[in-house]
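What the coordinates show
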Amino acid sequence: MHFNKSFVFGTATSSYQIEGARLEGGRTLSIWDTFCDTPGKVYQQHNGSVACDHYYRFEEDIQQIKKLGVETYRFSVSWPRIFPEKGVLNAEGMDFYKKLTKRLREEGIKPAITLYHWDLPLWAHEEGGWVNRESVDWFMDLAKVCFQELDAEVDSWITHNEPWCAGFLGYHQGFHAPGHTNMDEAVKAVHHMLLSHGKAVQYLKNELQSKTPIGITLNLSPIYAKTDSANDQLAANNADGYSNRWFLDPVFKGQYPVDMMNLFSKYVHSYDFIKAGDMEIISTSCDFFGINYYSRGIVEFSAANDFLHRGAHSDYEKTGMGWDIAPEEFKDLIRRLRQEYTDLPIYITENGAAFDDVLENGRVHDHGRVDYIEKHLQAVSDLNDEGMNIEGYYLWSLMDNFEWSFGYDKRFGIIYVDFDSQERIWKDSAYRYAEIVKNRGTNNSNKETDTISVS
Ligand code: PNW
């Protein structure tokens with residue numbers, strides 16, 4: 001694999017998953033704090049109250065990023081740290097992100113900031129959360145103050161991270177906060193997230209005349225039918241509509257997919273929450289497109305479901321999440337996006353894997369993760385050889401952290417975190433990634449990570 005000079009390597013995290021400092025520095029609760037406190041929602045009722053203690057250890061974490069040698073770091077801001085109450089700006093919260101951004105720059109690391117990575121303030125939820133159209137205005141208050149305070153030092157903005165998860169896992173499937181199971185709410189929530197995305201893009205470009213690139217990050221999963229049967233093909237089309245097209249079509253074509261609107265109308269009472277002009281705002285052109293890729297989906301028809309089809313068993317190798325390791329399908333996905341949706345520069349804003357890591361004599365030999373990363377970076381390199389214009393790659397994640405409903409049970413980091421001592425220990429994958437970054441690919445076949453010295 002090989003990467004040209006302008007390709008950027010990075011790592012990614014998000015606020016709730018690493019910061020901790022639950023009620024400190026003026027922060028109030030988010031929907032994830034209360035979701036974690038609700039029995040039965042999160043593995044062993046784990047929570048992000050301390051997490052990686054990054055709020056207090058960010059200097060040390062910046063040194064880890066520097067040591068990895070990556071040129072960019074993607075993180076998100078905690079909304080209830082910046083607006084602990086409706087309309088009330090918390091200077092101390094904002095100062096944390098100013099300090100973090102400034103220190104990253106001083107160390108030569110380009111900050112890429114996500115505005116919303118799922119930690120909605122509880123005050124906003126109590127007024128209906130994303131189901132309430134006013135959420136767009138609340139989000140704009142957050143976007144405006146972040147732009148004003150941080151834009152000069154930021155290299156790229158991401159409005160939303162994975163509205164599929166925030167919308168459908170949060171309001172339809174109930175696996176994520178706020179834990180609702182109501183498709184009518186979910187479709188509205190997604191609409192308001194997408195609308196707030198478009199408004200933020202317009203504000204940055206038109207009002208502030210900023211040149212900082214801005215985009216959105218979607219989690220996309222190429223979907224395949226288990227068999228050629230008409231029923232399985234239909235199931236795959238609908239699962240693709242639910243997972244991918246419901247987000248891609250509005251962002252790039254300014255319309256929701258009609259087949260899915262019809263299918264959803266069994267649960268969605270009316271589409272009149274889509275106001276005149278909304279779709280133009282949602283499809284405002286961005287500077288880049290962010291994609292989080294983890295796995296493919298393979299589905300088989302089930303008469304009980306319209307679009308939430310059973311994941312069919314496959315004989316593919318799996319990660320610790322039970323997700324198929326599918327780098328070839330990642331290539332299919334990118335080719336399809338180029339054909340059907342966009343010419344924008346693409347950034348892989350997340351890619352990575354959880355495995356059952358074992359700390360042994362101060363080392364973590366995470367061969368599975370090393371292999372996963374190499375295969376997907378090889379795919380990125382191959383795709384660029386085909387002219388697919390992928391401009392960067394952010395490994396998820398910099399370090400083990402709070403993995404949402406799986407708590408601390410699933411470790412995605414390339415740096416191991418001892419959650420008792422808060423010690424950070426490089427896994428083999430961190431050494432390997434640093435080597436690939438340093439060589440801008442693989443110039444040699446030496447995979448002996450123990451002997452690599454990273455300055
Ligand atoms: C993404 N799914 O979440 C998030 O952006 C990260 O915060 C998270 O830690 C990472 O991927 C690993 O899970 C997802 O169920 C959560 O398909 C769930 C799904 C996809 C992405």
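Residues numbered from 1 in each chain as written. Predicted model: local features only at pLDDT ≥ 70, side-chain atom pairs only at ≥ 80, totals over all residues. Heavy atoms only, no water.

The cut-off we apply is this: UniProt positions are given in the numbering used here, feature names are shortened, and annotations may be inferred rather than shown by experiment.
Naming follows an unreviewed UniProt entry, where the protein appears as Beta-glucosidase of Fictibacillus phosphorivorans. In its Sequence similarities (unreviewed entry) section, the UniProt entry covering the protein states "Belongs to the glycosyl hydrolase 1 family."

**Focus on the site of the ligand**
Where we set the bar: If a single non-hydrogen atom of a residue is within 4 Å of a molecule or strand, that residue counts as near it. Any pair of nitrogen or oxygen atoms within 3.5 Å is treated as a polar contact; in protein, a donor-acceptor pairing is required on top of that, and neighbouring residues in sequence qualify only through side-chain atoms on both sides. Two kinds of site are reported from a 1 Å grid over the protein atoms alone, namely cavities, where a 1.4 Å probe fits but cannot get out, and pockets, open sets with protein on both sides within 12 Å along at least five of seven lines, and residues are called lining when an atom falls within 4 Å of a point. Molecule-in-pocket calls rest on the fraction of atoms, with more than half required to lie within 2 Å of the cavity or pocket grid points. Throughout this entry, Asp, Glu, Lys and Arg are counted as charged residues, while Ala, Val, Leu, Ile, Met, Phe, Trp, Tyr, Cys and Pro are counted as nonpolar. The remaining residues, Gly among them, count as polar.
Around the ligand, the surrounding shell holds 16 residues, and the nearest of these are Q17, H117, E350, E403 and W404. Between the ligand and E350, the relevant distance is 2.8 Å, taken from an oxygen atom to a side-chain nitrogen or oxygen of the residue. Interatomic distance of 3.2 Å between a side-chain N/O atom of W396 and an oxygen atom of the ligand. Here the ligand is seated within the largest pocket. When the residues that make up the shell around the ligand are grouped by side-chain class, the tally is nine nonpolar, four polar and three charged.

**Focus on the nonpolar core**
Stated precisely, the cut-off is as follows: What makes a nonpolar core is a set of buried Ala, Val, Leu, Ile, Met, Phe, Trp, Tyr and Cys residues whose side-chain atoms join them at distances within 4.5 Å. Residue exposure (1.4 Å probe, protein chains only): buried if accessible area is under 20% of the type maximum, exposed if over 50%, otherwise partly exposed. By the convention used here, residues are in contact when the closest approach between their heavy atoms is within 4.5 Å.
In terms of nonpolar packing, the biggest core is built from 127 residues, with W32, F168, W246 and F264 touching the most fellow members. Not counting the four nearest positions on each side in its chain, W32 is found in contact with Y16, V42, W118, F175, H176, A177, F402, W404 and S405.

**Quick look at the layout of surface pockets**
Formally: Grid points are joined across faces, edges and corners, and a volume is the space filled by probe spheres set on the points. Strands here mean DSSP runs of E at least two residues long; helices mean DSSP runs of H or I at least four residues long; both are numbered from the N terminus.
Here the largest pocket defines a volume of roughly 1,200 Å³. Surrounding the largest pocket, 45 residues form its lining, W164, L169, N219, S221 and W323 being those nearest its centre. Among the secondary structure elements, those contributing two or more residues to the lining of the largest pocket are α8 (163-171), α10 (230-253), β8 (297-300) and β9 (310-311). In terms of residue count, the dominant contributor to the lining of the largest pocket is α10 (four residues).

**Regarding empty space enclosed by the protein**
One pass over the structure, following the stated rule, counts three cavities of 30 Å³ or more. As for the largest cavity, its lining consists of I31, W32, Y116, W118, W130, A166, Y171, H176, A177 and P178. Estimated volume of the second largest cavity: approximately 40 Å³. In this structure, the second largest cavity is lined by S15, Y16, E19, G20, R27, G48, S78 and R81. For the lining of the second largest cavity, a count of residues per class yields one nonpolar, four polar and three charged.

**A word on the packing of aromatic side chains**
We apply this condition: Stacked, tilted and edge-to-face pairs are distinguished by plane angle, under 30 degrees for stacked and over 60 for edge-to-face with tilted covering the rest, among Phe, Tyr and Trp rings (Trp via its six-membered ring) whose centres lie within 6.5 Å.
Under the defined criterion, the tally for this structure stands at 47 aromatic pairs. Seen in terms of ring centroids, Y55 and Y56 are 5.1 Å apart; in terms of plane orientation they differ by 85 degrees. Their pairing is edge-to-face. Exposure remark for Y55: the relative accessible area of 10% places this residue in the buried category. Taking the centre distance of 4.6 Å and the plane angle of 50 degrees together, the rings of Y408 and F419 count as tilted. Here the residue Y408 occupies a position in the loop between β13 (390-396) and β14 (415-418), and F419 occupies one in the loop between β14 and β15 (423-426), the gap between them amounting to 11 residues.

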